Amino acid sequence: MIRIGLEVHVHPMTESKLFCSCPTSLESDVSMCPICTAQPGAKPMAPNSEAIKKAVMLAEALGCKIEEKIVFLRKHYFYPDLPAGFQRTSTPVGTGGKLAGVRIREVHLEEDAGRYDPRKGLVNYSRAGVPLVEIVTEPDMHSKDDVRVFLSRLSDVLDFLGFWNDKVMRADVNISVDHGERVEVKEVSTIKGIMKVIELESSQPSKERVTKHFDEARQATKIAREKETEMDYRFIPDPDIPKIKISPTGQESYEELFKKVAAEIPEEIARTILVSGLYPAYREMKNRMEPEEIIEWISIILGDLKYRNIDPRKFIPNPEFFMIVDKLRSREITRYQAVSGFRDILDGKQLKLRSKKSVDLDKVITDVLNEEGDAVKKYARGKKTVIHYLVGSVMKKTGGSIDPKKIERELKKRLE
Amino acid sequence: MQDLMIPTKEILEMEKDDLEERIRYQLDLAEKYRDFHSFVYLEEDPAVLGPSLGVKDNISVKGKPLTSCSRILEGYIGTYDATAYSKLKSDTTFLGKTSCDPFGCGSSGATSDFGRTKHPLDPSRVPGGSSGGNGVALSLGIVDLALGTDTFGSARAPASFCGVVGMRPSYGLVSRYGLLDLSMSLDTITPMARDVYGIAWLLERIYGKDEHDLTTVDIKLDFSQFPVDLKYPRIGVLTDCFRSPVDERISRLVEKTIPKLDVDIVEVEISTSLDLLVKAYYTIMPVEFASSMQRYSGFLYGKRGKGTHFQEIAIETRSDLLSPELKRRIILGTAISTRELRDKYYSRALSIFSKVREEVDKIFKDVDFLISPTMPVLPWRFDEIVDPVEIYMMDILTGIPPACGLPAISIPVGSVEGFPVGMQIIGPRFGDVDVLRLARMYEEGIA
């Protein structure tokens, strides 16, 4: 039997680094200061509270119990990407969670290292000190499929929380085969890489506990210079950082929430709602709308929010929105009118909904046919597609209050 | 020529012309006393903004050499101003970086990698350390004010040996930002001067909460009432601090000094022996020191050793450029923090510290101050004491304040065999201003 455990690292979305005010924008070449490059005498500033809050919320979403305080420890080792010669890493923020049937041992916070290019011998320290959250699982996965399911579910949770924006997962993969020793492969930076590592390491039991690195270019693992058994990180509490009190934020567990929502609407839509960040809006909507209506509206809302770059987490359906929904339900307005009304709300425009009863369709069609003599002639000569143009003209005049299919029917009656 | 040793108050009130003349003269003095190695870096043509200031070479000043007197940082230039220095730079004249034991590791003040610092009265003796350069430069009149550091006695020892004043503030009162770590939970940046007035002037400016040092405390001290008489302070005298191995002549001098003011004297005891406290320190400090010294690997800054693989570079750099004392502490600290040994030594040492803290807190319910000699011996000759453990034991009288986070000052109270003797006044946490007051009263009472 194969047992696989993961230590997954993700960047929480924060404006600044964990212990200094340098921006986290990773493209920048100049995001560094005396603190994040560990210049002699520099000390850490107060740990980024946004990063701590995000770590707590993630731990809660994974069903962990939240600790009362965290302490930052120094984990010592030499590597060119680690300017201080130690990495600051917190004690667990939360422990004892579960996701996709995999037990979560703990979630904690740490600082990222720089980016080392061994071929050039250069390090970019812009990434040094960027907050990193580590999710440690128990070795509860037994196949590539298990791992794939877990990672995809984890990715859903991170999307649900609006946790990240770089969507980069790095993982240390621990594998033991049958009764063999544990093989640890460090810093695998893609899901494809993780799958390859599992393939490579699950063929036979290892006789000794060993640490390996994954060579992305060669798609091969190789044994690290340092032996696992010789490594002692000499953890000590960082004397420069007093312990930090933390408390739950009230974030619900993702899987429980998913179960709840999936009982109300189809699973796939439930997932879309959670992952896209529309859950707060959904909570409002479900009291006033039928499941079919919600399903219909979700894709419209998501599309239009995305087009306008609005965070779905910030979208709260207002009374005007529900008025539109009600009018559409009672067929007072058309779908077209409802959608453009919704867009007006998003754009902050005055909402105008003309009732379709007030329009004299016959008169409008007569007007249009008189004005569009050329189009009428084209239609008579057999260019039937011109009908769409005429439908459009009628819709413009009626403010979209009439179903376009009905207009087309009426137009055809008059033209033939 | 003006008198070099006038009170600091008068220097601070000098006209600009007089001050410029004074500083030119002090720069000449620095040249004249070059062999005393009080400075590792001297400004050539400093802008005169106030009294002359020496800054210990383990404190960062932007654009100036920062080596901590260790070859591993040779050629390194500070990239930012330490907070304490930044608060002084607009009304002092930065004269240069003063010598010290590398990274503050030493009690003799004489072990800089860049030349031995010598006692101002006898060049064959040590000046006390690790802030030795400050003690010498103040004593010789080269500077009027100085910033030093004190972890377990580093400012008070040279103050005592050189006959000047050095004060370790309460832990958390002065930002450590820019101080090269020795033992982070104990390190302090310290004012040094030739009189208590100079110390108060410095401390008033450099103290305060700093977002760049999370261990600093938001507290307001009132220096405006300084100096004011204290009525019949109760002085605690720790009997252990006056017994062997403390030189009897030093004990007697301090014992005679205490009753020169109207004070109540109370004999007090603690159950932890002073040498056990020193041993606990030499267990905790190396762990913190080894951790902070990890950064000196030759990758990022300072000098770089030969090698192609990063591990080779780190080994070469550290083997070649760290002094034996630094290696001793790093190896010790590395060993003590390993899985096998940490409980046996490190945890025990921490519990010794917390026990002493408890007992001293209790003593301060009955007394206002603790007074003792600062150093157990007179300045020794360079070849007289070479055993590291014997030198470690020179810290027996200066350990209680750092272990308990308390303020402590050393003021000169006389001499034995022609060498100055310092008396240490310890106050309760954040009782820094009262310590200064009492020190000022003794200063006047003795004069």
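Predicted, not measured: the structure shown is a model, and the values here were computed from it. (Residues numbered from 1 in each chain as written. Chains lettered and ligands numbered in written order. Predicted model: local features only at pLDDT ≥ 70, side-chain atom pairs only at ≥ 80, totals over all residues.)

Colleague: Residues and numbers for the overall build of chain B, please.
Modeller: For chain B, the count of helices and strands is 14 helices and eleven strands. Relative to a compact globule of 447 residues, whose C-alpha radius of gyration would be 22 Å, chain B shows 21 Å and is just as compact. Expressed as lengths along the three principal axes of its C-alpha atoms, the size of chain B is roughly 70 × 60 × 45 Å. (Helix = DSSP H or I, 4+ residues; strand = E, 2+ residues; numbered from the N terminus. Rg over C-alpha atoms; globule rule 2.2 N^0.38 Å.)

Colleague: I'd like to hear about the overall build of chain A, residue by residue, with values.
Modeller: On a plain count of helices and strands, chain A comes out with 13 helices and 16 strands. In terms of overall dimensions, chain A has C-alpha extents of about 90 × 45 × 45 Å along its principal axes. Expressed as a percentage of its 416 residues, the buried residues of chain A come to 38%. Contacts in chain A between residues at least 24 apart in sequence constitute 66% of all its contacts with a sequence separation of at least 6. (Buried ≥ 20, exposed ≤ 12 C-beta atoms within 10 Å, placed from the backbone. Contact = placed C-beta atoms within 7 Å.)

Colleague: Which residues make up the domain arrangement of chain A, and what values go with them?
Modeller: Domain parsing of chain A yields domain 1 (2-167 + 232-245), domain 2 (264-353) and domain 3 (357-415). Between the C-alpha centres of domain 1 of chain A and domain 3 of chain A there is a distance of 62 Å. (Domains from an automatic or database assignment.)

Colleague: Would you mind going over the domain arrangement of chain B in detail, with residue names and values included?
Modeller: Residue and element names in this part refer to chain B. What the domain assignment reports for chain B is domain 1 (8-271 + 358-446) and domain 2 (274-357). Summarising the inter-unit geometry, the C-alpha centres of domain 1 and domain 2 are found 25 Å apart. Taken together, the 36 residues of domain 1 in the interface contact 28 residues of domain 2. With four residues, helix α11 (residues 342-363) is the single largest residue contributor to the side of domain 1 that touches domain 2.

Colleague: Requested: an account of the packing of helix α12 (residues 386-398) of chain A against helix α13 (residues 404-415) of chain A, with residues and values cited.
Modeller: All names here are of chain A. Close contact between α12 and α13 brings their axes to 10 Å; oriented N to C, the two are set at 115°. Pair α12 / α13 crosses with right-handed handedness. On α13, the residues that touch Ile387, Leu390, Val391, Val394 and Met395 of α12 are Pro404, Ile407, Glu408 and Leu411. The class makeup of the residues in the contact of α12 with α13 is eight nonpolar, no polar and one charged. (Axes fitted to C-alpha atoms, helices over the stretch in contact; angles between N-to-C directions. Left-handed = near helix turned anticlockwise from the far one by under 90°. Nonpolar A, V, L, I, M, F, W, Y, C, P; charged D, E, K, R; others polar.)

Colleague: Pulling in residues and values, what's your account of helix α7 (residues 291-307) of chain A?
Modeller: All names here are of chain A. Taking 1.5 Å as the rise per residue, α7 with 17 residues should run 24 Å; its terminal C-alpha atoms sit 24 Å apart, in good agreement. Along α7, the sharpest kink reaches roughly 30°, centred on Trp297. Taken together, the buried positions of α7 are occupied by Ile294, Trp297, Ile301 and Leu305. Buried residues along α7 sit against α6 (279-288). (Expected span 1.5 Å × (residues − 1). Bend = angle between axes of the 7 residues up to and from the residue.)

Colleague: Could you give an account of the interface of chain A and chain B, with specific residues and numbers?
Modeller: Tallying the contact residues gives 25 residues for chain A and 33 residues for chain B. Counted by class, the side of chain A that touches chain B contains 15 nonpolar, five polar and five charged residues.

Colleague: Which residues make up the sheet that holds strand β11 (residues 419-426) of chain B, and what values go with them?
Modeller: The strands that make up a sheet pair up through hydrogen bonds in the backbone, lying either parallel or antiparallel. Residue and element names in this part refer to chain B. One open sheet accounts for eleven strands, arranged β1-β3-β2-β4-β6-β5-β10-β11-β9-β7-β8; its pairing is mixed. Taken across any chain shown, the strands that pair with only one partner, and hence form the sheet edges, are β1 (39-42) and β8 (264-268). Across the sheet, the mean angle from the axis of one strand to that of its neighbour is 30°, orientation sign disregarded. Both strand β2 (residues 52-56) and strand β3 (residues 93-98) contribute to a ladder of five bridges, which runs parallel. (Pairing = 2+ DSSP bridges.)

Colleague: I'd like to hear about the nonpolar core, residue by residue, with values.
Modeller: Formed by 128 residues in total, the largest nonpolar core has its most connected members in Leu53(B), Val165(B), Ile199(B), Ile409(B), Ile425(B) and Ala439(B). The biggest single contributor to this core is helix α8 (residues 274-292) of chain B, with eleven residues. In contact with Ala439(B), not counting residues within four places along its chain, are Val196(B), Ile409(B), Ile411(B) and Ile425(B). In this structure, Leu6(A), Ala61(A), Val325(A) and Ile333(A) belong to the second largest nonpolar core, which totals 86 residues. (Core = buried A, V, L, I, M, F, W, Y, C linked by C-beta atoms within 7 Å.)

Colleague: Outline helix α8 (residues 319-329) of chain A, listing residues and values.
Modeller: All names here are of chain A. Every buried residue of α8 is listed here: Phe321, Ile324, Val325 and Leu328. The arc that holds the buried residues of α8, viewed along the axis, is 95°, so those residues lie on one side. For α8, the secondary structure elements touched by its buried residues are α7 and α9 (335-346). (Arc of directions from axis to C-beta.)

Colleague: Explain the environment of Lys89(B) to me, using residue names and the numbers behind them.
Modeller: All names here are of chain B. By the element assignment, Lys89 lies in the loop between α3 (83-86) and β3. Of the residues examined, Lys89 has 17 C-beta atoms within 10 Å and is grouped as partly exposed. Along the primary structure Lys89 and Gly50 are separated by 39 residues, whereas in three dimensions their C-alpha atoms are 9.1 Å apart.

Colleague: Summarise the environment of Phe321(A); cite the residues concerned and give the values.
Modeller: All names here are of chain A. Here Phe321 shows up in helix α8. Phe321 sits in the buried class, given 24 other C-beta atoms within 10 Å. Taking the C-alpha atoms as reference points, Phe321 and Met289, separated by 32 residues in sequence, lie 11 Å from one another. When residues no more than four places from it in sequence are discounted, the contact partners of Phe321 are Phe342 and Ile345.

Colleague: Tell me what's going on with the pairing of strand β7 (residues 234-238) of chain B, and back it up with residues and numbers.
Modeller: Residues and elements named next belong to chain B. Across five bridges, β7 lies against β8 in parallel orientation. Following the sheet pairing, Leu238 is matched in β8 by Val268. As a crossover connection, the stretch from β7 through helix α7 (residues 248-257) into β8 is right-handed. Here two bridges tie β7 to strand β9 (residues 369-373), and the two strands are oriented parallel to one another. Across the sheet, Ile235 pairs through a bridge with Phe369, a residue of β9. (Right-handed = clockwise from strand over helix to strand, strands pointing away.)

Colleague: Tell me about the packing of α8(B) against α11(B), and name the residues and values.
Modeller: Residue and element names in this part refer to chain B. Two elements in contact, α8 and α11, have axes separated by 9 Å at closest approach and are oriented at 125°. Between α8 and α11, the crossing angle belongs to the class labelled oblique. Where α8 crosses over α11, the handedness of that crossing is left-handed. The residues of α11 that touch α8, namely those facing Leu276, Leu277, Ala280, Thr283, Ile284 and Val287, are Tyr345, Tyr346, Ala349, Leu350, Ile352, Phe353 and Val356. Here the contact of α8 with α11 is composed, by residue class, of twelve nonpolar, one polar and no charged. (Parallel < 35°, antiparallel > 145°, perpendicular 65-115°, else oblique.)

Colleague: Describe the pairing of β11(B), with residues and values.
Modeller: Residues and elements named next belong to chain B. Most of β11 is tucked away, with seven of its eight residues classed as buried. The pairing of β9 with β11 spans four bridges and is classified as antiparallel. Note that in β11 the partner of Ser372 across the bridge is Gln424. Pairing geometry for strand β10 (residues 408-416) and β11, over eight bridges, is antiparallel. Bridge pairing in β11 places Ser410 opposite Gln424. Between β10 and the antiparallel strand that follows it, β11, lie two residues; Glu417 among them carries a positive phi value of about 55°.

Colleague: Can you lay out the environment of Asp362(A) for me, pointing to particular residues and giving the numbers?
Modeller: All names here are of chain A. In this structure, Asp362 sits in helix α10 (residues 361-371). The exposed category is assigned to Asp362, around which 10 C-beta atoms lie within 10 Å. Each C-alpha atom, one on Asp362 and one on Glu332, is 19 Å from the other, the two residues being 30 residues apart in sequence.

Colleague: Explain unusual backbone geometry residue by residue, including any values.
Modeller: Residues and elements named next belong to chain B. Gly129 connects to Ser130 through a cis peptide bond whose omega is 15°. Positionally, Ser130 belongs in the loop between β3 and α4 (132-140). Here the amide bond leading from Ser244 into Pro245 is cis, since omega sits at 10°, within 30 degrees of zero. Here Cys69, not a glycine, exhibits a phi torsion of approximately 55°, which is positive. Turning to its location among the elements, Cys69 is positioned in the loop between β2 and α3. On the basis of neighbour counts, which here come to 31 C-beta atoms within 10 Å, the residue Cys69 falls in the buried class.

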